[in-house]
Amino acid sequence: MRLLPRILADEDEEDEAPEARDSRAPVEKPRLHWAWTAAIAVIAAVPRLLYVFVFTDPENPGVRRYGDVWHHWQIAYLTKELGLSAPGGPRLWDLKGLDYFWGILHPLLMVAVFDVTGSVDIVLDRLVSLVFGVLVIVLLFHLVRRHWGTQAALGSALIASLIPTAVMNDASGMLEPMGVALCLAGLVAWPRRGFASGLAFGLATMARAEAWLFGLGMVVAAFLKREGRQQRILLVAGFGAVMLIYMKILEDRTGNPIYPLWWNFFANAAGKWEFTPISAEQAGVRPVLGAGLVISAAGLAWSLWKRPPSYMLLTFGFGYWVFVCGMLGFTSYLASWVWWMPITRVFAFPYVFGGVLFAALVLWLAPRRFGPRFVPVGWGVLVAAVLVSQLAWIPIHAEFAPSEADWQAIKAEGVQLGAWYNTSPYEGHALAVPSDRPDITYVLARYGNVEGKHLISEMYGPDRVDACWFAKTDVKLIAVDTGFMPRLAENPTWFTHVGTMDEAHWEVYGVNAPPCTGS
């Protein structure tokens, strides 16, 4: 920790006159030519595009590893197909009731992307995630340059561009790159453009639930500086304007104005969602996560106490580490720990932030301490670290490569289900499906010629088989899992077995229920 004050000192201290060394205001750096930003974006984009289109199947970000990608796609797709024209007014739509669980920004953005491109291919989700991942690196380059100079900024951009966990997760289709990018945009805008900074922090909350904590944390941290009163007022105005609108939408649609924050963290941390007991093996990672929590909490405390010019970036980075180590290690979230958790989206940005501090150490602090001759040495150390980090591709490949066989099996079964649906007497009527397989929803829409408007979720079906429910929903074909099978057994003459989906563990039946005699 003795080195921390040196690493986190004023960005331009080396360029200041001795009498100016005590000033807390950073010296304005000359504006870079736009080609720098373009070059950083290209360097960041190339490995991610290669990962999507060359080294993986563009439609398979990881069956049973990153299944939430298909769920994010499903919410956007069904919102486009059903939600925007819902009888009660435009709303998000889902088969599993998690339409507002993650936020509203991503599904609305994807609806726009689907409309503009005329496609619903899930590769569009991955490309949107990739674009925000590239934006994260560009924004970090400018932030690090502001605080620690161009050499450290280039080093940070190189690490963030090539570290395998960032490449894989940025190209996955998950939502973290969007949330992080918006938070960093808020940091780039601060302190000169307070209102824009507040808007960015507010929009981040619409992209990721944890950004509720990060965005509010950044607003609070901004008030720890005495100067800039007008900009702080504008910051609160921008953040508050977005949050009031967002919370009103959530209140109207869910009855809970903090719905994503509540269910992602407060309720989940208390075990209201994750009911699986924590195993001894999972409990064994607590000391490691605890050590990370202590170290990151110390960095966060120092940043808030000393408040160097870079303290907002440091607060965000160390705060992210505190959040990840605390939530995963010391709440019910630990029950979801698997051996490959350290290579997942959860740790993607924390590793990048660690790379930022490493670049500042070897390309800013060390040359200041040992002279300019250390710059080549610093670059050598940094490049060596990037090369060593490529070993992370080994566990990534070990875990994610086998998912391709699973994906091909799911794709084949989804196409078969679509073929059954598109025959008489089922075509044009409703298809009832279990609620938890958005990957099959995707195959039905993309390859099975089954539009989202024809899908009915069994999650909202009756507890007992009901002829009136079938009549009301116009369900003529139903795919059921083992949980729903006993309901069909109550009236076996209503159903004709059509086929079996072995990979999904579904049985498919034609429905010939009697006329509804109820009210």
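As the structure is a prediction and not an experimental result, all values here were calculated from the model. Each chain has its residues counted from 1, following the order in which its sequence is written. Only residues with pLDDT of 70 or above have their local features reported here, since the model is predicted, and side-chain atom pairs are shown and tallied only from 80 upward, although totals for entire chains, interfaces and linings are computed over all residues. Derived side-chain values reflect all non-hydrogen atoms in the structure, with water molecules and hydrogen atoms excluded from consideration.

*Asks:* How do you make sense of the environment of Leu84 when you look at a structure like this?
*Replies:* Each helix corresponds to a stretch of at least 4 residues labelled H or I by DSSP, and each strand to a stretch of at least 2 residues labelled E; elements are numbered beginning at the N terminus. Take Leu84: it is sitting in the loop between α3 (68–81) and α4 (105–117). On the basis of relative accessibility, which here comes to 41%, the residue Leu84 falls in the partly exposed class. C-alpha of Leu84 to C-alpha of His72: the two residues are 12 residues apart in sequence and 16 Å apart in space. Apart from the residues lying within four places of it in its own chain, the contact partners of Leu84 are Thr79, Pro90, Arg91 and Val111. Exposure is judged per residue with a 1.4 Å probe applied to protein chains only, and the accessible area is read against the type maximum: over 50% gives exposed, under 20% gives buried, and values in between give partly exposed. We call two residues in contact whenever any of their non-hydrogen atoms come within 4.5 Å of each other.

*Asks:* Help me understand the packing of aromatic side chains in this model?
*Replies:* Aromatic ring pairs are defined here through the distance separating the ring centres and the angle between the ring planes. Centres within 6.5 Å make a pair out of two Phe, Tyr or Trp rings, where for Trp the six-membered ring is used; the pair is then stacked when the planes are under 30 degrees apart, edge-to-face when over 60, and tilted otherwise. According to the stated counting rule, one finds 26 aromatic pairs in the structure shown. Centre to centre, the rings of Trp73 and Tyr77 are 4.8 Å apart; their planes meet at 10°, and the pair counts as stacked. Taken as a pair, Trp73 and Tyr77 lie in helix α3 at a separation of four residues, close to a single helical turn. Take Trp73: its relative accessible area is 0%, and that puts it in the buried class. Classification of Tyr77 as buried rests on a relative accessible area of 4%. Taken together, a centroid distance of 5.2 Å and an interplanar angle of 65° make the contact between Trp469 and Phe470 edge-to-face. The residues Trp469 and Phe470 share a single accessibility class, namely buried. Grouping aromatic residues by their ring pairs yields a cluster made of Phe214, Phe265, Phe316, Tyr320, Phe323 and Phe349.

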